[in-house]
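Tertiary structure, described
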Amino acid sequence: MHKNLINGEWLDGPAVSRNVNPSDTRDLIGEYAQADAHQAELAISAAAAAFPAWSLSTPQQRFDILDAVGTEILARRAELGDLLAREEGKTLPEAIGEVVRAGNIFKFFAGEALRPGGESLPSVRPGVGVEVTREPLGVVGLITPWNFPIAIPAWKIAPALAWGNCVVFKPADLVPGSAWALAEILSRSGLPAGVFNLVMGRGSVVGEKLLHDPRVAAISFTGSVATGQKVAAAAVARMAKFQLEMGGKNPMVVLDDADLGVAVNAAVNSGFFSTGQRCTASSRLIVTEGIHDRFVAAMVEKMKALKVDDARKAGTDIGPVVDASQLGQDVDYIGIARAEGGRLAQGGERLEHNADGAPGFYLTPALITDTTAAMRINREEVFGPVVSVIRARDYDEALHLANDTPFGLSAGIATTSLKHATHFKRHSQAGMVMVNLPTAGVDYHVPFGGRKGSSYGPREQGRHAAEFYTTVKTAYTQA
């Protein structure tokens, strides 16, 4: 039994969830405690009680703790990566890469704890000095999704602690293993009791408590658009600070002058790696007429060579979908796209078993051509290995189609034209833009976030994270 961590103690919950391997549904990873509203209340109380002392902790203390956490994560990358691949379904190399990213995030924010910054300015009035500083908010509630079960918790927890906040962390109910392993490392890091609390459980129970408790000064949420809107409404109602990272329907534009190999590799990586279960995945490929047919043919050939199998097996390119519900959604959207006139050019086959005969949630990557911008496959997030192709006349139409979406997280372009690359970087309505690169690869030390329906509030990651996890104070002194 994996327990919740509340006020420095590991506590059973009133219910239990079973963590099952999507590569082999016969494999039970473990059982994890499910908190109720009372335990969520205890966690918030513990964090509130710990905040006065922790908010005044020294930068050196915070550096030492966060750096030690990052060091242990990196030292255990193979073990933690295996757990991540086993519970979430991304391939082992991808899972280990995510663990390394989490370790580097903790080390980055350890450094930020030593660089809080500030300004000392002269006043417009004689004899008066002005100091501008940043201070922690208090208790922050962190709600994370299942698709990056250690990296996204890391990029919320590390800055929250680095700048002196106390944390109540509710991970995704579907994949609690990596979150619990991270919490266990934090529990031995030297943090005072109550500074960090892990409360696993249903969003309708634990999440609701975090949203409505007046002692929770801020909420950082990554997940679905519908839930994000609920978070926003609850936070606004009591004037709490909130940060949202939600959906994406990310475009990758492929122009006639693109290097075909570069374009195909970027599109396959963006659309299908991590089983397409990334908010930054390129699920819309917008391809100009002169290269369209060659590009589609090359995509099909590349996709035929992709190996779909157990996430932890050497040589696997695409692991399973995370669970039966997500698999059903993926298959449904393929059917919807075909019913609206799209052509299934490759893949989209449900596999009941992997190569070893183990039952799992497998789907061969699907490429759907002959689609239009108005189709649901190009308007709604699927969140699986399902990619559509839209034909465009030229760059101008491709740019228009790329921006014709309620989302605005990530966008890419494949081109050898400096003119078009420069124009696209400026005019793409997305928070992150990639040129001749997959849309899904981002660095840990720079801002992450989008526009329109994808994101709300200050950016995550990098030094920009201070905008959310701190508040600015201006102090005046007369000599």
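Up top is the structure these notes are about.
Residues numbered from 1 in each chain as written. Predicted model: local features only at pLDDT ≥ 70, side-chain atom pairs only at ≥ 80, totals over all residues. Heavy atoms only, no water.

Some remarks on helix α5 (residues 151-162)
- Compared with an ideal rise of 1.5 Å per residue, which puts twelve residues at 16 Å, α5 spans 16 Å between its outermost C-alpha atoms and is within 8% of the ideal.
- Counting buried residues along α5, twelve of its twelve residues qualify, which places the element largely inside the surrounding structure.
- Within α5 the residues assigned to the buried category are Ala 151, Ile 152, Pro 153, Ala 154, Trp 155, Lys 156, Ile 157, Ala 158, Pro 159, Ala 160, Leu 161 and Ala 162.
- Gly 164 sits one or two positions beyond α5 and adopts a positive phi of about 90°. (Helix = DSSP H or I, 4+ residues; strand = E, 2+ residues; numbered from the N terminus. Expected span 1.5 Å × (residues − 1). Buried < 20%, exposed > 50% of the residue type's maximum accessible area, 1.4 Å probe, protein only.)

Side note on the sheet that holds strand β13 (residues 282-288)
- As summarised here, the arrangement of the seven strands in space is β14-β17-β18-β13-β12-β20-β21, forming an open sheet in which the pairing is mixed. The open sheet is flanked by β14 (343-346) and β21 (432-435), the only strands paired with a single partner. Ignoring which end each strand starts from, the neighbouring axes of this sheet average 25° apart.
- In this sheet, β21 lies alongside strand β20 (residues 410-414) in parallel orientation, the contact comprising four bridges. Residue pairing for β21: Gly 412 is matched across the bridge by Met 434.
- Helix-sheet contacts for helix α10 (residues 289-304) involve β12 (250-254), β13, β14, β17 (366-371) and β18 (386-392), and the interaxial angle to β13 is about 140°. (Pairing = 2+ DSSP bridges. Axes fitted to C-alpha atoms, helices over the stretch in contact; angles between N-to-C directions. Contact = heavy atoms within 4.5 Å.)

Description of the packing of aromatic side chains
- Inspection of every chain in the model, using the stated rule, returns eight aromatic pairs.
- Between Trp 146 and Phe 383, the ring centres sit 5.4 Å apart and the planes meet at 85°, which makes this aromatic pair edge-to-face. A residue pair is termed long-range when its members are at least 10 positions apart, and Trp 146 in the loop between β7 (139-143) and α5 and Phe 383 in the loop between β17 and β18 qualify at 237 residues. Assigned by exposure class, Trp 146 and Phe 383 land together as buried. (Phe/Tyr/Trp six-rings, centres within 6.5 Å; stacked < 30°, edge-to-face > 60°.)

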